[in-house]
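# A look at the structure
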Amino acid sequence: MTTFRILRRTLLAASAIALCAPALADSLSDIKAAKKIRVGIDLSAPFYGYVDDKLKPAGSDVEAAQLLAKDLGVELEIVNTTNSARIPNLLSNKVDLIISSLSITPERQKAVDFSIPYGAIQAAVGAPKSLKLASIDDLAGKSVAVTRGGPQDKILTERAPQAKVVRFDDEAASITAAASGQTDIVAITPPIIAAIAKRNPQREFEVKFVLQSYQLGIAMRKNTPELMSWVNGWVKTNLSNGKLNTIHVKHAGVAIPKEITDGAK
């Protein structure tokens, strides 16, 4: 076979895949027809997603997904996912949406589309009270636990090259490492730092400083305009009526930042 024919067949195959992609990705009509929406949530990330003492999914992202499915009039199927598998699970059509403390970044926007922000998340550094840490420069030469693929992983890799970053596959493993003393420093969210302190009070874990604040979005595959329009409308409605804020306060103890609620008006 000539090089020209090989190239032609390759291009035709790629075109066929591209033509099929929107059909696979759609969206609102398919979800309604199935009477079910599959939402990817990391259930190892208190307060966003976890399994409660009755072995049922709980957390702010879980309740947001439950409210979304109810308003859409369909059954909710929660697909448990790890931090690093959130976007791959979406792109491989294992889920319809990701509601899993997923921050909106330019890099992620190349692969998926995001709704308008429905909340915010802080990347912070936590450690025992006795450990003196005031800035990212103080992490040089120290081991810092992070959840693989999360925003803290990216921040430390780029801005703290002298730190010894220890990566765990999910937030539950990061929490266990910090609570058990396997590591003294963890880069994660403030509510999870509080969960570490609660799990092992003797460690006296506390927030040392905030690395960065990120807006959270509901992720969906590209080329799903009907789904995007519905989800954006849903976010605006439930920020306006206070339902998303009530969920957030229940689990995080603080309100959704004003810039998020103002931005949805």
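Let us look at the structure shown here. (Residues numbered from 1 in each chain as written. Predicted model: local features only at pLDDT ≥ 70, side-chain atom pairs only at ≥ 80, totals over all residues. Heavy atoms only, no water.)

## A closer look at the environment of Asp138
- Turning to its location among the elements, Asp138 is positioned in the loop between β7 (119-128) and β8 (143-147).
- Residue classification places Asp138 among the partly exposed positions, given a relative accessible area of 29%.
- For the pair Asp138 and Ala163, spaced 25 residues apart in sequence, the C-alpha separation works out to 8.8 Å. (Helix = DSSP H or I, 4+ residues; strand = E, 2+ residues; numbered from the N terminus. Buried < 20%, exposed > 50% of the residue type's maximum accessible area, 1.4 Å probe, protein only.)

## A closer look at the nonpolar core
- One finds Ile37, Leu139, Leu156, Leu211 and Ile218 to be the most contacted residues of the largest nonpolar core, which totals 53 residues.
- It is helix α3 (residues 60-72) that contributes the most residues to this core, 7 residues altogether.
- Sequence-distant contacts of Ile37, defined by excluding residues within four places in its chain, comprise Ile31, Leu68, Ala69, Leu72, Val74, Glu75, Leu76, Glu77, Asp96 and Leu97.
- Core analysis: the next-biggest nonpolar cluster, separate from the first, contains 13 residues, Ala177, Ile188, Ile192 and Ile193 among them. (Core = buried A, V, L, I, M, F, W, Y, C linked by side-chain atoms within 4.5 Å. Contact = heavy atoms within 4.5 Å.)

## Remarks on the packing of α3 against helix α9 (residues 225-240)
- Following both chains from N to C, one finds α3 and α9 inclined at 115°, their axes separated by 11 Å at the closest point. Taken together, the axes of α3 and α9 lie roughly perpendicular to each other. Judged by the twist between their axes, the crossing of α3 over α9 is right-handed. Together, Ala64, Leu67, Leu68, Asp71 and Leu72 of α3 and Trp230, Trp234 and Asn238 of α9 make up the contact between the two elements.
- Partitioned by chemical class, the residues of the contact of α3 with α9 number 6 nonpolar, 1 polar and 1 charged. (Axes fitted to C-alpha atoms, helices over the stretch in contact; angles between N-to-C directions. Parallel < 35°, antiparallel > 145°, perpendicular 65-115°, else oblique. Left-handed = near helix turned anticlockwise from the far one by under 90°. Nonpolar A, V, L, I, M, F, W, Y, C, P; charged D, E, K, R; others polar.)

## Things to note about the packing of α3 against helix α10 (residues 243-252)
- At a closest axis distance of 9 Å, the pairing of α3 and α10 adopts a crossing angle of 155°. With respect to α10, the element α3 is oriented roughly antiparallel. When you trace α3 past α10, the crossing you get is right-handed. Where α3 abuts α10, its residues Ser60, Glu63, Ala64 and Leu67 lie against Lys243, Leu244, Ile247, Lys250 and His251.
- Of the residues contributing to the contact of α3 with α10, the split by class is 4 nonpolar, 2 polar and 3 charged.

These figures come from the coordinates and say nothing about function on their own.
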